[in-house]
Amino acid sequence: MDRPTPLTITDAAAERVKALIAKRGKPTAGIRIGVRSKGCSGMSYTVEFADEKSPYDETVEDKGVTVYIDPKATMFILGTEMDYVEEQMKSGFVFRNPNEKGRCGCGESFHI
Amino acid sequence: MSDDLLFDIFEPGETPLPHADDEVAVGIDLGTTNSVVAISRSGKPEVLRDAKARTLIPSVVAYGLDGSVIVGEEARELILDRPHDVVSSIKRLMGRGIEDIKAVAGQLPFEVDGDASGMVRIKVAGRTLTPVEISADILRAVRAQAEQALGKKAPKAVITVPAYFDDAARTATKDAARLAGIEVLRLVNEPTAAALAYGLDQGAEGLYAVYDLGGGTFDVSLLRMEKGVFQVKATGGDAALGGDDIDHMIAEKFLHERSEADLNPGKVKQALMTARVAKECLTAREAGEWMLEFDGRTSRHALTRVELDAMIAPLVGRTMAICRQVLEDGGAAPSDVKGVVLVGGSTRVPAVRQAVADLFGAMPLANINPDEVVAVGAAQQAEALTVGSDTLLLDVTPLSLGLETMGGIVEKVIFRNTPIPTAMAQEFTTYQDGQTAMMIHVVQGERELVSQNRSLARFTLSGIPAMAAGAARIRVSFTVDADGLLTVSAREMTTGVESQVQVKPSYGLSEDEMANMLKDSMEHAKEDMAARLLAESKVDAKRNALAVKAALTHDGDLLSKEEWGLIDQALAKVDAACQGTDREAVLAASDALELATKPFAEKRMDRGIRKALAGVSMDNLEKRVGE
Amino acid sequence: MNFEAHHTDGLEACVVECWSCKGPASPRALFCSVCGAVQPPRPLDHFQRLGLMPSFDIDQGELERHYFGFQRRLHPDRFAAKSGKERLNSQQQAMALNESYETLKDPLKRAAYLLKLKGKKVDDADGATISDPMLLMEQMEAREALMEADSAEQVQAILARTESDIAYAVDDLSQAFQAGCLDGAAKLVLKMKYLLRLSDEARGRKARLMKGA
């Protein structure tokens, strides 16, 4: 079985990322996915604009979007798909993550 | 709709911490007699209760010689047994200097340190404490009650202060909160908070007055309420007038009747407590008789409603004069006022209600509990500041702010009833050739002479280039922020030389003192720390249990009956431990739950990966992992 | 005309940089159209700031609606959870709005400000000199009457007269501005300052007399 690519991006997500970068109005290298070790079950994702690539970041380019992945985040988001959803009450990016086994009650953190 | 966690893209390093909803912002009414804490969620306010379902936390602190601190009803019960160790009505001394209170020191039920410079210090249980530290102890207890009731951390709060509190007292309140580890979202004036609660509850529109007679302070505010805007038109009051004064009058009468020569704090406190009981009784009854018993001697004291009314007539008259002044400042006649909201326990006194009704020509409104309405408004403002809201509070400065000029005359820079936040500047000049420094004295109050007003701060602007007298242009800027706190800076304009000084109130704490107190509070408050750790571990344990329960409903089919039973047992143990006060037990139960769910977690992961790699349609996968 | 030059000071023509995203922003914008960050207050006159036509005759209801509307968006309570810079900008915006509102809601302050905008100097009421002999005479007589009044009723009568004089002065100011007569308006502003001071003193004296009674 092939090693899954670290991250895939849906059309909707790619379009939204591009729009947000354009709206940001300053030079942007891409977006960066990190993990912060705070939160109820120990870890939580962060998604931020990246002004530049950090030395150890893994780079994924898909549908014209550059995503840097913090080495600490790589193992957690391995094989996930980044999508953008817009619903009546909320909108945002989702990571569909088959690695994920438990969520905290609030859904904001995860652990493996 | 899916329950997927949605992400936004943030600027580098600015992703907010998760679990903001584990932390709540509350509203705290830090009162002279009682404190109250409330929360508002989705626009629904709720006053928080302690384990015995009480909402009022007496603002009374008992200090033990062993360093222990007891706050609330339990401390109030100790007043008679340990009069030297118990402090009440500390709010009356917030932001006060020793000079301010010498006149009233004899009436105060505690011993004041006469040597202290700057802020007043109280001698209690072998320690010397500032009003800020004592208020911080009250706030810690208030916060603990909120966290206990909510099962969540409450590190942020809107705290109310009397509208008529001066800058020093406001700063002291903020310092007390900082000492108690509470981030103050906003200081809100008590009558404004009450109007917010009342207006939102009753949908009131038009011009309203709030008459707030608390234990130690009196405020009256005139507000216009219109489509969610609460605009304070004028405010006035007396920061040293309240129900305590009624107690003092009655106590004095009783002690006088007893011909008590040898007074001590214990006797004064007992007389005050009896006086309070008498006052409260006479709101419902026409007459009564009370007993004082100490030194083995019992005396009986009769008092009628009519006598009490006559005794307090001057006090009520003072509040009425202030009401008339506020009406005039607001450019309104009593008949323009659509309703009067009563706030504070002392508004239960019938003579007070009657006087308010007579002045405004209408029976006042008291359909929200006058003890709780301020905390409710504070909670609603806390929600507005953290979650957002359509309502808007536009408040004013209660007192004029100015500078001392030649001859001890006050030059006002910001006039009372100016909407805040506000910034004003005034230019001054040097009066001597070659003058390189200028003394700047900031005062607060309405009188003409500096000596008749409250001195807030003094500082020297130095480094003015030598010039002929009158050539320098010194611009002194006053800024009052939305908390009503003042910052003063001064700058020489002609040369562009800038000298700015931030002002700390004369009766405030220095940064060093604050730093030391923060350190002390860390060292002394081990008990406090233990309580917080317990609360935190309970929050964590409950959250883990919730996560497991959620997982069971979705993937419970992966488990055998035996496995499920083990997890259920572990869950029950967590619930039981969370009912108790043993932090170790909570942690152990939580760990046991984690151990018990480990095989379950592995099965869930296997299922997740299998499904993902088997190319399940996105919709199904979303349902699977998106809980 | 001086006033026109002041009022359209070229703000519309230029573009400023948003402090947050460095993108171009309109100098009138309260929020950056790109990143949404609240902007610091720009140098606008009080009428511009509250979105009103510069005139002495303003609709109080409209003034309040605009003031509340701007405060709803800009008040620091809306930015309690935002960054320090945004909080500071909102505080300054709210301060500027309060200053504009306080100036425009009061007829005397509004008139004096309008004259200043039009480049017209008003005699300083704090100075000892009154150049208008008629005004001087009137004021001296009124003051004497106030000093001599020794009952609350007498003071009340003077107060009522002064207040009606103030109301007439406001009407006269409106006509003077409509007629473009700035000299007349300046004289009326000075007159109003004296009338207001007189009514303040009468009120104080009345309160003292009532307390004494």
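See above for the structure.
Let me begin by describing the structure that accompanies this report. Throughout this document, residue positions are counted from 1 along each chain, in the order its sequence is written. Chain letters start at A and ligand numbers start at 1, both assigned in the order the entries are written. Thresholds applied to this predicted model are a pLDDT of at least 70 for local features of residues and 80 or more for the giving and counting of side-chain atom pairs; totals over whole chains, interfaces and linings are not thresholded and use all residues. Hydrogens are left out, water is left out, and the side-chain values use all remaining heavy atoms of the structure.

So, about the overall build of chain B. Where helices and strands are cited, they refer to DSSP runs of H or I of at least four residues and of E of at least two residues respectively, numbered from the N terminus. Of regular secondary structure, chain B possesses 16 helices and 26 strands. Partly exposed residues are those whose accessible area sits between 20% and 50% of the maximum for their type, while under 20% is buried and over 50% is exposed, using a 1.4 Å probe and protein chains only. Across the 627 residues of chain B, 53% fall into the buried class. Only heavy atoms matter for contacts: two residues are in contact if any of them lie within 4.5 Å across the pair. Within chain B, residue pairs in contact and separated by at least 24 positions form 66% of the contacts whose partners lie at least 6 positions apart. Where accessible areas are quoted, they stem from the Shrake-Rupley method and a 1.4 Å probe; at the residue level, only the protein chains shown are allowed to cover. In the form shown here, chain B has an accessible surface area of approximately 26,900 Å², with 51% of it arising from carbon and sulfur atoms.

Counting its secondary structure elements, chain C contains eight helices and two strands. When the helices and strands of chain C are placed in sequence order, the string is α-β-β-α-α-α-α-α-α-α. Considering chain C as a whole, with its 213 residues, one finds that 41% of them fall into the buried category. Across chain C, contacts joining residues at least 24 apart in sequence account for 63% of those joining residues at least 6 apart. On chain C, roughly 11,200 Å² of surface is accessible, and the fraction owed to carbon and sulfur atoms is 55%.

With that settled, the discussion passes to the pairing of strand β15 (residues 229-238) of chain B. Residue and element names in this part refer to chain B. Among the 10 residues that make up β15, nine are buried, leaving the element largely enclosed by the rest of the structure. Here, any two strands with at least 2 DSSP bridges between them count as paired. Taken together, the nine bridges between strand β14 (residues 218-226) and β15 define a ladder with antiparallel strand orientation. If you follow Asp 219 over to β15, its bridge partner there is Gly 237. Here β14 hands over to β15 after two residues, with Lys 227 in that stretch at a positive phi of 45°. With three bridges joining them, β15 and strand β19 (residues 392-394) adopt parallel strand pairing. By the bridge assignment for β19, Phe 230 is matched with Leu 393.

A few words on the sheet that holds strand β7 (residues 86-88) of chain B. Residue and element names in this part refer to chain B. In space, the three strands of this open sheet follow the order β6-β5-β7, with antiparallel pairing throughout. Here the strands that pair on one side only, and so sit at the sheet edges, are β6 (69-71) and β7. Across this sheet, the average inter-strand angle for adjacent strands is 20°, counted without regard to direction. Direction of pairing for strand β5 (residues 60-63) relative to β6: antiparallel, over a ladder of three bridges. For Ala 62, the partnering residue across the bridge sits in β6 and is Ile 70. Interaxial angles span 0 to 180 degrees and are taken between N-to-C directions of axes, which are lines fitted to C-alpha atoms, for helices over the stretch in contact. Packing against the sheet, helix α3 (residues 131-150) makes contact with β5, β6 and β7, and its axis sits at approximately 105° to β5.

A few words on the environment of Leu93(B). Residue and element names in this part refer to chain B. If you trace the backbone, Leu 93 turns up in the loop between β7 and α2 (98-102). On the basis of relative accessible area, Leu 93 is assigned to the buried category, the value being 2%. Between the C-alpha atoms of Leu 93 and Ala 545, which are 452 residues apart in sequence, the distance is 47 Å.

On to unusual backbone geometry, then. All names here are of chain B. Here the bond from Ile 420 into Pro 421 is cis, since omega is 0°, no more than 30 degrees from zero. With respect to the helices and strands, Pro 421 occurs in the loop between β21 (409-414) and β22 (422-428). Phi at Ser 89 takes a positive value of approximately 50°, unusual for a residue other than glycine. Along the polypeptide, Ser 89 turns up in the loop between β7 and α2.

Within 6.5 Å between ring centres, the rings of Phe, Tyr and Trp (the latter by its six-membered ring) count as paired, and their orientation is classed by plane angle as stacked under 30 degrees, edge-to-face over 60, tilted in between. Counting across every chain of the model gives eight aromatic pairs over all chains. When the centroid spacing of 6.4 Å and the interplanar angle of 20° are considered together, the rings of Phe31(C) and Phe79(C) count as stacked. With Phe31(C) in the loop between β2 (24-25) and α2 (46-49) and Phe79(C) in the loop between α3 (60-74) and α4 (84-105), this pair connects stretches of sequence that are 48 residues apart. Accessibility expressed as a relative area gives 4% for Phe79(C), which makes it buried. Aromatic rings pair up to connect Tyr67(C), Phe68(C) and Tyr101(C) into one cluster. The residue whose ring lies beneath Arg258(B) is Phe294(B), and the NZ or CZ to ring-centre distance is 4.2 Å. Note that Arg110(C) overlies the ring of Phe56(C), its terminal NZ or CZ placed 4.7 Å from the centroid. Charge over a ring is defined by NZ of Lys or CZ of Arg lying within 6 Å of the ring centre and within 35 degrees of the ring normal.

For the rest of this paragraph, the subject is the side chain of Thr418(B). For Thr418(B), the position within the fold is in the loop between β21 and β22. Not counting chain neighbours up to four residues away, the residues in contact with Thr418(B) comprise Asp395(B), Val396(B), Thr397(B) and Met424(B).

Note on sheets: strands pair through backbone hydrogen bonds, and any given pair is parallel or antiparallel. All names here are of chain B. The strand order across the open sheet formed by four strands is β21-β20-β23-β24, and the pairing between neighbours is antiparallel. The sheet is open, and its two borders are formed by β21 and β24 (454-462), each paired with just one other strand. Between one strand axis and the next, the sheet turns through 30° on average, direction left out of account. Summarising the sheet, strand β20 (residues 401-405) and strand β23 (residues 437-444) pair through three bridges and their orientation is antiparallel. Following the sheet pairing, Leu 401 is matched in β23 by Gln 444.

Moving on to helix α9 (residues 350-360) of chain B. All names here are of chain B. Residues Ala 351, Val 352, Ala 355, Val 356, Ala 357, Leu 359 and Phe 360 constitute the buried set of α9. Looking at the packing, one finds that the buried side of α9 touches β13 (206-213), α8 (305-329) and β18 (339-343). Looking at the residues trailing α9, positive phi occurs at Gly 361, about 70°.

Residues and elements named next belong to chain B. Counting buried positions along β18 yields five of five residues, so the element is predominantly enclosed. Alternating residues of β18 divide into Gly 339, Val 341 and Val 343 and Val 340 and Leu 342, and every residue in both groups is buried. Judged from the five bridges that link them, β13 and β18 form a sheet pairing that is parallel. Each bridged residue has a counterpart across the sheet, and for Ala 209 the counterpart in β18 is Val 340.

A separate point is the pattern of salt bridges. By definition, a salt bridge exists where a carboxyl oxygen of Asp or Glu is found within 4 Å of a side-chain nitrogen of Lys or Arg. Tallied over the full model, the rule gives 43 salt bridges over all chains. A salt bridge links Arg416(B) to Asp329(B); its shortest N-O distance comes to 2.8 Å. Here Arg416(B) is found in the loop between β21 and β22, whereas its partner Asp329(B) is found in helix α8, with 87 residues between them in sequence. Judged by relative accessible area, which is 28%, Asp329(B) ranks as partly exposed. The shortest N-O distance in the salt bridge between Glu163(C) and Arg203(C) comes to 2.8 Å. With a gap of 40 residues between them, Glu163(C) in helix α7 (residues 152-178) and Arg203(C) in helix α8 (residues 182-212) connect regions that are remote in the sequence.

Looking now at the packing of helix α6 (residues 243-258) of chain B against α8(B). Residue and element names in this part refer to chain B. Running from N to C, α6 and α8 cross one another at 130°; their axes reach a closest spacing of 10 Å. Considering the angle they form, α6 stands oblique to α8. α6 and α8 meet at a crossing whose hand is right-handed. Counted together, Asp 245, Ile 246, Met 249, Ile 250 and Lys 253 of α6 and Glu 307, Leu 308, Met 311, Ile 312 and Leu 315 of α8 form the full contact between these two elements. Class assignment of the residues belonging to the contact of α6 with α8 gives a composition of seven nonpolar, no polar and three charged. Put simply, angles under 35 degrees are roughly parallel, angles over 145 are roughly antiparallel, angles from 65 to 115 are roughly perpendicular, and the rest are oblique. Crossings are sorted by hand: turned counterclockwise from the far helix by less than a right angle, the near helix makes the crossing left-handed, and turned clockwise it makes it right-handed. Any residue that is not Ala, Val, Leu, Ile, Met, Phe, Trp, Tyr, Cys, Pro, Asp, Glu, Lys or Arg is counted as polar, Gly included; the first ten are nonpolar and the last four charged.

Residue and element names in this part refer to chain C. Candidate patch residues must exceed 30% relative accessible area and have no salt bridge, after which like charges are joined if within 9 Å and Val, Leu, Ile, Met, Phe, Trp or Tyr side chains if within 5 Å. In this charge count, Lys and Arg are treated as positive and Asp and Glu as negative; neither His nor the chain ends contribute. One atom stands in for each charge, and that atom is NZ of Lys, CZ of Arg, CG of Asp or CD of Glu. Together, Glu 138, Glu 141, Glu 144, Glu 148 and Asp 165 make up a region of like negative charge exposed at the surface. Sort the elements by how many residues they give to the negative patch and helix α6 (residues 133-148) lands first, with four residues. Within the secondary structure, Glu 144 sits in helix α6. Residue classification places Glu 144 among the partly exposed positions, given a relative accessible area of 49%.

Residue and element names in this part refer to chain B. Look at helix α14 (residues 583-596): 20 Å from first C-alpha to last across 14 residues, which is about the 20 Å you get at 1.5 Å a residue. Here α14 has its buried residues at Val 586, Ala 589, Ser 590 and Leu 593. Each buried residue of α14 sits inside an arc of 100° when the element is viewed along its axis, so together they form one side. The exposed set on the far side of α14, more than 90 degrees from its buried face, consists of Glu 584, Asp 591 and Leu 595. By this rule, a helix spans an expected 1.5 Å times one less than how many residues it contains. When we speak of the arc, we mean the arc of directions from the helix axis to the C-beta atoms.

With respect to the element layout, Glu138(C) can be found in helix α6. With 53 residues separating them in the primary sequence, Glu138(C) and Lys191(C) have C-alpha atoms 9.8 Å apart.

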